[in-house]
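Chain residues, written in single-letter form:
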Amino acid sequence: KNEVEQSPQNLTAQEGEFITINCSYSVGISALHWLQQHPGGGIVSLFMLSSGKKKHGRLIATINIQEKHSSLHITASHPRDSAVYICAVKGASGNKLVFGAGTILRVKS
Amino acid sequence: KAGVTQTPRYLIKTRGQQVTLSCSPISGHRSVSWYQQTPGQGLQFLFEYFSETQRNKGNFPGRFSGRQFSNSRSEMNVSTLELGDSALYLCASSLQVSGNTIYFGEGSWLTVV
């Protein structure tokens, strides 16, 4: 079993829909990162969480430390949100980042 | 403020050769980490440097090595290249080893033929 599991693997949505991507992990962590990767390779860090909830524009990220679970929500989705979304966790001892397999999101207009 | 810069962006090497990739972090960032991304394995951590010292290392063979210079710039080297080393190699920087946002470069696409 992978240390970081994401679901769904693939997601197609209509423009305007509310989107949720989930991330579960099995180890104690010091931080959880949500990353966005567009075709071509570049990765952008969306959020870094160690507790609670963060919001940036139409994006919201939550984390439940007790349940070892995080969600990334996109409100009023837009075709430009189409990308791969990757969850990554850093262990409690502050060592290496471990990545989920990513969720491929396609938003249709 | 300039972002994380990686060079070269694209390169093709032959099996058995070696390659050196370079990463210039955001000014003021002292932590640099390297990652390999392949279609089969996804993103995997290679190593992390802070103040010229390797802090963490992933599960890669000794053919993969790296270093960090006093100006925080970092290089990674892969010797005796294998076909399976073909990947996107990403560098990221942050202020400290943990607790800060990480910023990624555009990556270096390595093809081994």
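Coordinates for the structure precede this section.
Remember, it's a predicted structure, so these values are computed and weren't measured experimentally.

Asker: Provide a residue-level description of the overall build of chain A, including the pertinent values.
Answerer: Counting its secondary structure elements, chain A contains zero helices and eleven strands. What you see for chain A is a C-alpha radius of gyration of 13 Å, in line with the 13 Å of a compact globule of 109 residues. If one aligns the C-alpha atoms of chain A with their principal axes, the spans along those axes are about 45 × 25 × 25 Å. Per-residue burial for chain A yields a buried fraction of 47% across its 109 residues.

Asker: Explain the pattern of salt bridges residue by residue, including any values.
Answerer: Residues and elements named next belong to chain B. Counting across every chain of the model gives six salt bridges over all chains. Among the salt bridges present, the one from Glu82 reaches Arg63, with a minimum N-O distance of 3.6 Å. Taken together, the positions of Glu82 in the loop between β8 (74–78) and β9 (87–94) and Arg63 in the loop between β6 (53–57) and β7 (64–68) put the pair 19 residues apart, joining distant regions of the chain. What makes Glu82 partly exposed here is its relative accessible area of 42%. Bridged by salt links that share partners, the residues Arg63, Glu82 and Asp85 form one connected network.

Asker: Before we move on, can you summarise the environment of Ser65 of chain B with the specific residues and values?
Answerer: Residues and elements named next belong to chain B. When you line up the elements, Ser65 lands in strand β7. Residues Ser65 and Asn100, 35 residues apart in the sequence, show an inter-C-alpha distance of 25 Å. Once residues within four sequence positions are removed from consideration, Ser65 is found in contact with Phe47, Glu75, Met76 and Asn77.

Asker: Account for the pairing of strand β8 (residues 69–74) of chain A, naming residues and giving values.
Answerer: All names here are of chain A. In terms of residue burial, β8 counts as a mostly covered element, since five of its six residues are buried. Pairing of strand β3 (residues 19–25) with β8 involves six bridges; the strand directions are antiparallel. If you follow Ile19 over to β8, its bridge partner there is Ile74. Across six bridges, the pairing between strand β7 (residues 59–64) and β8 is antiparallel.

Asker: Can you tell me about the packing of aromatic side chains, naming the residues and giving the values?
Answerer: Tallied over the entire structure, the rule returns five aromatic pairs over all chains. For the pair Phe99 of chain A and Tyr35 of chain B, a centre-to-centre distance of 5.3 Å together with 90 degrees between the ring planes defines the contact as edge-to-face. Taken as a pair, Phe99 of chain A in strand β10 (residues 97–99) and Tyr35 of chain B in strand β4 (residues 31–38) lie in two separate chains rather than in one. Of the two residues, Phe99 of chain A and Tyr35 of chain B, neither departs from the other in class, the shared state being buried. Chaining the aromatic ring pairs together yields one cluster made of Phe99 of chain A together with Tyr35, Phe45 and Phe104 of chain B.

Asker: Just give me the short version of the sheet that holds β3 of chain A, but keep the residues and values in it.
Answerer: All names here are of chain A. Strand order in the open sheet made by the five strands is β1-β3-β8-β7-β6, with antiparallel pairing throughout. Sheet topology places β1 (4–7) and β6 (52–56) at the edges, where each strand pairs with a single neighbour. Strand-to-strand, the axes of this sheet are offset by a mean angle of 15 degrees, without reference to chain direction. Judged from the four bridges that link them, β1 and β3 form a sheet pairing that is antiparallel. Looking across to β3, one finds that Ser7 is bridged to Asn22.

Asker: So what's going on with the interface of chain A and chain B? Residues and values would help.
Answerer: Contact residues are listed per partner, giving 16 residues for chain A and 20 residues for chain B. Summed over both sides, the interface of chain A with chain B buries roughly 1,400 Å², with 62% coming from carbon and sulfur. By the criterion of area lost to chain B, the three top residues of chain A are Ile43, Lys96 and Phe99 of chain A, representing 34% of everything that side buries. Run the count over chain A and chain B and you get one salt bridge. Linking Lys90 of chain A and Glu48 of chain B is a salt bridge whose minimum nitrogen-to-oxygen distance equals 3.4 Å. Counting across the chain A and chain B interface gives two residue pairs in polar contact (both at pLDDT 80 or more). Elements represented by at least two residues in the side of chain A that touches chain B include exactly β4 (29–37), β5 (43–49), β9 (83–91) and β10 of chain A. Its residues placed into classes, the side of chain A that touches chain B shows six nonpolar, eight polar and two charged.

The rules behind each value
Residues numbered from 1 in each chain as written. Chains lettered and ligands numbered in written order. Predicted model: local features only at pLDDT ≥ 70, side-chain atom pairs only at ≥ 80, totals over all residues. Heavy atoms only, no water. Helix = DSSP H or I, 4+ residues; strand = E, 2+ residues; numbered from the N terminus. Rg over C-alpha atoms; globule rule 2.2 N^0.38 Å. Buried < 20%, exposed > 50% of the residue type's maximum accessible area, 1.4 Å probe, protein only. Salt bridge = Lys/Arg side-chain N within 4 Å of Asp/Glu carboxyl O. Contact = heavy atoms within 4.5 Å. Pairing = 2+ DSSP bridges. Phe/Tyr/Trp six-rings, centres within 6.5 Å; stacked < 30°, edge-to-face > 60°. Axes fitted to C-alpha atoms, helices over the stretch in contact; angles between N-to-C directions. Buried area = accessible area lost by both parts, 1.4 Å probe. Polar contact = N/O pair within 3.5 Å; in protein donor to acceptor, adjacent residues only side chain to side chain. Nonpolar A, V, L, I, M, F, W, Y, C, P; charged D, E, K, R; others polar.

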